Amino acid sequence: MSKTIIFVCLGNICRSPLAEGIAKRYCEEQAYDFEISSAGTGTWHIGNPPCENSIKVAHQNGIDISMQRGVNFDESFVNKYDYVVGLDDSNVMNIKKLGQEKVYKLGDFGFEGKDVPDPYFFDGFEGFDKVFDMIDVCVKNLLNDIKNNKI
Ligand code: 4NP
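All values reported here derive from a predicted model rather than from experimental measurement. (Residues numbered from 1 in each chain as written. Predicted model: local features only at pLDDT ≥ 70, side-chain atom pairs only at ≥ 80, totals over all residues. Heavy atoms only, no water.)

Visitor: Looking at this structure, how should I read the site of the ligand?
Guide: Around the ligand sit C9, L10, G11, N12, I13, C14, R15, W44, H45, D118 and Y120, and those are all the residues in its vicinity. In the model, an oxygen atom of the ligand is placed 3.0 Å from a nitrogen or oxygen of the I13 main chain. Take H45: an N or O atom from its side chain is 2.8 Å from an oxygen atom of the ligand. Contact with the protein chains removes 92% of the 350 Å² of surface that the ligand exposes when unbound. Class assignment for the residues of the shell around the ligand results in six nonpolar, three polar and two charged. (Near = heavy atom within 4 Å. Polar contact = N/O pair within 3.5 Å; in protein donor to acceptor, adjacent residues only side chain to side chain. Areas by Shrake-Rupley, 256 points an atom, 1.4 Å probe, with all protein chains shown as cover. Nonpolar A, V, L, I, M, F, W, Y, C, P; charged D, E, K, R; others polar.)

What follows is the structure, given as structure tokens:
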């Protein structure tokens, strides 16, 4: 059975859609048989497309995330995935509060455990490229670790 991995941020419109898009692309490239998805612990953006700047930075890197739609990580998602991965400490805390036993933090896979900054309140596009690069490095390391049975 293929492993299931869900990336979780707050709104599911800025960071975790990038993680989903990057992970799906990398799995295609490496022929990794993983099921990738994303969600947010907040409910504000259910059914909405990713934010313009995430769509833009993904597009600049050859990835189309425009078809993704916001999903809420609620109780029904708890302990249903092989790997639940939060983008920052508050995401990890929110996920654990719902009852999820094991939660990984994306920044532990290449950025010394740092939070992926929430770009929702950035002033325009500036900074989205750094967020993309951070997610890109960590997602690939995470997927390689899963593939190599390191986690
Ligand atoms: P994300 O960013 O968690 O990376 O999707 C946010 C998007 C929306 C909100 C907060 C963070 N919000 O408060 O609506």
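More follows now that the structure is in view.
Visitor: For this particular structure, what's the right way to read helix α4 (residues 128–147)?
Guide: Turn by turn, an α-helix covers 3.6 residues, leaving residues three or four places apart pointing in a common direction. Over its 20 residues, α4 runs 28 Å from end to end, which matches the ideal 28 Å to within 8%, given 1.5 Å per residue. Three or more residues of α4 are buried, namely F128, V131, F132, M134, I135, D136, C138, V139, L142, L143 and I146. Where α4 is buried, its residues touch β1 (3–9), α1 (15–30), β2 (34–40), α2 (52–60) and β3 (83–86). The positive-phi residue at the C-terminal boundary of α4 is N149, with phi of around 55°. (Helix = DSSP H or I, 4+ residues; strand = E, 2+ residues; numbered from the N terminus. Expected span 1.5 Å × (residues − 1). Buried < 20%, exposed > 50% of the residue type's maximum accessible area, 1.4 Å probe, protein only. Contact = heavy atoms within 4.5 Å.)

Visitor: For this particular structure, what's the right way to read the sheet that holds β1?
Guide: Read across the open sheet, the four strands follow the order β2-β1-β3-β4; overall the sheet is parallel. Across the chains shown, the open sheet's two edge strands, defined by having one partner strand only, are β2 and β4 (104–105). Inspection of the sheet shows β1 paired to β3 by four bridges, in the parallel sense. In the sheet register, I6 faces β3, and the bridge partner there is V84. Docked against the sheet, helix α3 (residues 89–97) engages β1, β3 and β4, running at close to 135° with respect to β3. Across the sheet, α4 lies against β1, β2 and β3, angled at about 155° from β1, the strand it touches most. (Pairing = 2+ DSSP bridges. Axes fitted to C-alpha atoms, helices over the stretch in contact; angles between N-to-C directions.)

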